[in-house]
Amino acid sequence: MSRDVCKRWVFISKKGYQEMDEVIQSSVVTKLKGVSVTNTTESGLLVWGPEDYVIPPQGEAVLFIITNFIETPNQRLGYCAESPSVLNGNCQNDEDCEEGRMVVAGHGIMSGRCLRENENATGSCEILSWCPVERKSKTHGSVLTNAENFTMYVKNFIQFAKFAFSKSNVLETSDKSYLKKCRYDQELHPYCPIFRLGDITRQAGYNFQDMNTFGGSIGIMIEWDCDLDKGYANCHPRYHFTRMDVGVSNHSIASGYNFRHTRYFNNAAGERCRSLFKVHGIRFTVMVHGKAGMFSIIPTAISVASGLALMGAGAFVCDMILLYLMKKRDSYRERKFEGCRSKHKSTSKDVSEEDDRI
């Protein structure tokens, strides 16, 4: 019984007869599709395409999709009051605003003046900055309301150099319309690399609407576990989706994912201006893992020899335990050597009879 278990473990479960290559060479290309419309006080009516809401737009393995934003429009370089929410920018008099000193966690450099509405109020230091400074307003909901219907195309090429084996996660077909109409399904369309964003977050265990206001981070794992003895057609990609910022409450100060970026332009007077965007959204990270195995005589011989040696060593260890460590070791020892003694007596008797005949 133990021999059967050992053989099954070595040759089937662990594929001890195969040479393995766990160094997977991978390339990932991503592409987003989907259009949304926003109409805000600051920007008016805007149409958002992938070139607007995907950062970076080149289609890399790590990308950020904007689902919400707060805009501070038409900033110009000049002097203005620091934001009251910046503690190091508050002041009571000009001495609190040392000229040339940078405001810690603020927006600019102090000019030396303290700006106050009246003598009893706490003022804000005047700074050289892009004015007006960033608007501080709460995010109440998603601006790109239909972002969950956007689609992501994840094209993955892999190669196992040891076996000169390469493959893609895209179905090999002559139907040019296939990628335009298919959506990924583990059973029906495992080689369709187009995913709806809402489906990705759902398979990660979360509702897209719970993430699009403040953002989050999603990992897309592509796993290739290839038994090349079964042929090219039996090497398939498997997808796993997980939320990377798990354990963070939506009410925590560390929840969500956001950063700032700007768009520069010249106004009608020819002045250099910019619009500042604090964007919230979902960060997607595509990670590829895998291994491949193929029959080889060398690991087969090593596995067989190791199994045989292991079985011999196991019998020896069991004998030592039964002979010297068990409570009934004397009984076991008598039974183990009883056959040997009987055989020895029989041999001695035969020799004695032979001597008598001589």
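Higher on the page you've got the structure.
This one's a predicted model, so the numbers in the text were calculated from it and none came from an experiment.

S.K.: Would you mind going over the nonpolar core with me for this structure?
M.R.: Considering soluble globular proteins, one finds that nonpolar side chains tend to be buried as a cluster. Core analysis: the biggest nonpolar cluster contains 43 residues, and Y53, M152, L197 and F284 have the highest contact counts within it. Secondary-structure elements contributing two or more residues to this core are β2 (25–33), β6 (62–81), β10 (151–160), α4 (197–203), β13 (216–227), β14 (237–243) and β16 (272–295). Looking at this core element by element, the count peaks at seven residues for β16. Residues in contact with Y53, not counting those within four places in the same chain, are L32, K33, G34, W48, F64, I65, I66, L144 and F150.

S.K.: Can you walk me through the pattern of salt bridges in this structure?
M.R.: In this structure the tally under the stated criterion is ten salt bridges. For the salt bridge of E98 with R101, the shortest nitrogen-to-oxygen distance reads 3.7 Å. Overall, E98 belongs to the partly exposed group, its relative accessible area being 49%. Between R113 and E126 there is a salt bridge, with its nearest N and O atoms 3.3 Å apart. On the criterion of sequence distance, the pair formed by R113 in strand β8 (residues 109–115) and E126 in strand β9 (residues 123–131) is long-range, its members being 13 residues apart. Relative accessible area serves as the criterion here: at 46%, R113 is assigned to the partly exposed category. A residue is classified by how much of its surface remains accessible, and E126, at 11% relative accessible area, is buried. Where salt bridges share partners, they join E148, R196, D199 and R202 into one cluster.

Rules used throughout
Residues numbered from 1 in each chain as written. Predicted model: local features only at pLDDT ≥ 70, side-chain atom pairs only at ≥ 80, totals over all residues. Heavy atoms only, no water. Core = buried A, V, L, I, M, F, W, Y, C linked by side-chain atoms within 4.5 Å. Buried < 20%, exposed > 50% of the residue type's maximum accessible area, 1.4 Å probe, protein only. Helix = DSSP H or I, 4+ residues; strand = E, 2+ residues; numbered from the N terminus. Contact = heavy atoms within 4.5 Å. Salt bridge = Lys/Arg side-chain N within 4 Å of Asp/Glu carboxyl O.

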